[in-house]
Structure formats: structure tokens, C-alpha cells
Amino acid sequence: MNKEKNVKKAFLWNMIGSTCYSGSSFLYLLVVTRVCGAQLAGFYSLSYATAQLLLHVGRYGVRTYQATDLEHKYIFSEYKVSRIITCALMMLFGIIYSSYSFSGEYIIISIFVIMMKMIDAVEDVFHGNLQQNYHVEQMGKALAIRNVYSAVFFTGILMATRILYITCTATAVTSLILCLAVNSWFARK
């Protein structure tokens, strides 16, 4: 009975976390369109699509292997080092692409939108560790916390400043700090 209850709890939290993840993407574009207009929203969409593609570099398919490494062939720090390397490559490719494709504030927006997606890759290695150790419900909670925070923060800053590059920069930096703090806390717990 207890195992069935834990499975339901894990399923519920993962649904909540996934819904927050999807909803935040929708909210970002909605708010950018309403506050900044269609032209900047179009650029934001292009940057977001590029970041989504680069996310595959950041994740590099390690999560599937990590979550199924039940014998702990590799320790968590090895997965973290691997993720640091792939995230650095993701950002390097993003900076190169943005620098050659855009100018002015558009470079900043593109780079920090890519960084906002890179945080998903950073978080993914922590979630792989939680999944590997049968703490799936904590994974959903961490995902929900970070995405709700990011969406509310992004919306608040953009509405207050009406400047997209400041909003993307502030959201990316604070979300990375929150991601590391929350996920480290869940990993220790």
C-alpha cells in the first residue's frame, strides 16, 4: 500500500513539474508579445527555438544512462563534470551563433535565452540523480519550484522594465542560482 501511495505521489509531482515547465514557456512568449510587441516576440521565439535545439548539446543524452545506472558505475560528480562540459559547449555554440547572426541587444537576448535553456540541462543531471535513487517526487517538486519562480520573475521584471535583454539576463542568472540551490538541497535531502 505504501509503495503504491509513493508511486502516485511521484506521478502527481512529476505532472505538476512538467505542467509548470510547459506553462512557463507559454507564459514567456505571451508576456513578451504583450509587453514588447510582435517584432521582438518574433525574435524571442527564434532565440527560444535555437536554445531548444542547443539544449540537446547541453543534455547530450546522459540522463537516460544516468537514470538506469542502478549499480552506480559512475558517481554523481562524474555526471556533473560531464554536464559542465556539455553545458559549456552549448553556451559556446550559442555565443558563436548569436555573435555572428545578430547585433546589439539582440546578441544579449539570444545568449541569455540560451542560458535559460541551459539551466534545464543543469537541472537534468540533478534529476537523473534523484531518479537513480528513487526520489522521483522530489524531481517534480524541484522542477515546479524553479519554473514557477522563473515565470513569475520574468513576468515581473519585463512588466517593470519593458526591456527584454535586462529581463532575460536577470532571469537567467537568478534561475541558475535557484536551480543550483534547490536541486542541491533536494540531492542532499
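Shown above is the structure to which this text applies.
A brief report on the enclosed structure follows. Quick caveat: nothing in here was measured; it's all calculated off a predicted structure.

1. Focus: the nonpolar core
One finds Tyr44, Phe154, Leu164 and Cys168 to be the most contacted residues of the largest nonpolar core, which totals 38 residues. Every element with two or more residues in this core is listed here: helix 1 (2–36), helix 2 (38–59), helix 4 (76–101), helix 5 (105–132), helix 6 (136–161) and helix 7 (164–188). With 13 residues, the top contributor of residues to this core is helix 5. Ignoring anything within four residues of it in the chain, the contact list for Leu164 reads Val32, Cys36, Leu40, Tyr44, Ile109, Phe154 and Leu158. One finds Met139, Ala142, Val182 and Phe186 within the second-largest nonpolar core, a separate group that totals five residues.

2. As for helix 6
For helix 6, spanning 26 residues, the distance from its first C-alpha to its last is 37 Å, which sits close to the expected 38 Å at 1.5 Å a residue. Just beyond helix 6, the residue with positive phi is Arg162, at close to 60°.

3. Considerations on the packing of aromatic side chains
All told, the structure shown has 11 aromatic pairs when counted by the stated rule. Their ring planes at 85° and their centres at 5.7 Å tell us that Tyr97 and Phe102 sit as a pair that is edge-to-face. The exposure class assigned to Tyr97 is partly exposed, which follows from its relative accessible area of 32%. Residue Phe102 is classed as buried on the basis of its relative accessible area, which comes to 16%. One aromatic cluster in this structure is built from Tyr28, Tyr44, Tyr48 and Phe154.

Rules of the game
- Residues numbered from 1 in each chain as written.
- Predicted model: local features only at pLDDT ≥ 70, side-chain atom pairs only at ≥ 80, totals over all residues.
- Heavy atoms only, no water.
- Core = buried A, V, L, I, M, F, W, Y, C linked by side-chain atoms within 4.5 Å.
- Buried < 20%, exposed > 50% of the residue type's maximum accessible area, 1.4 Å probe, protein only.
- Helix = DSSP H or I, 4+ residues; strand = E, 2+ residues; numbered from the N terminus.
- Contact = heavy atoms within 4.5 Å.
- Expected span 1.5 Å × (residues − 1).
- Phe/Tyr/Trp six-rings, centres within 6.5 Å; stacked < 30°, edge-to-face > 60°.

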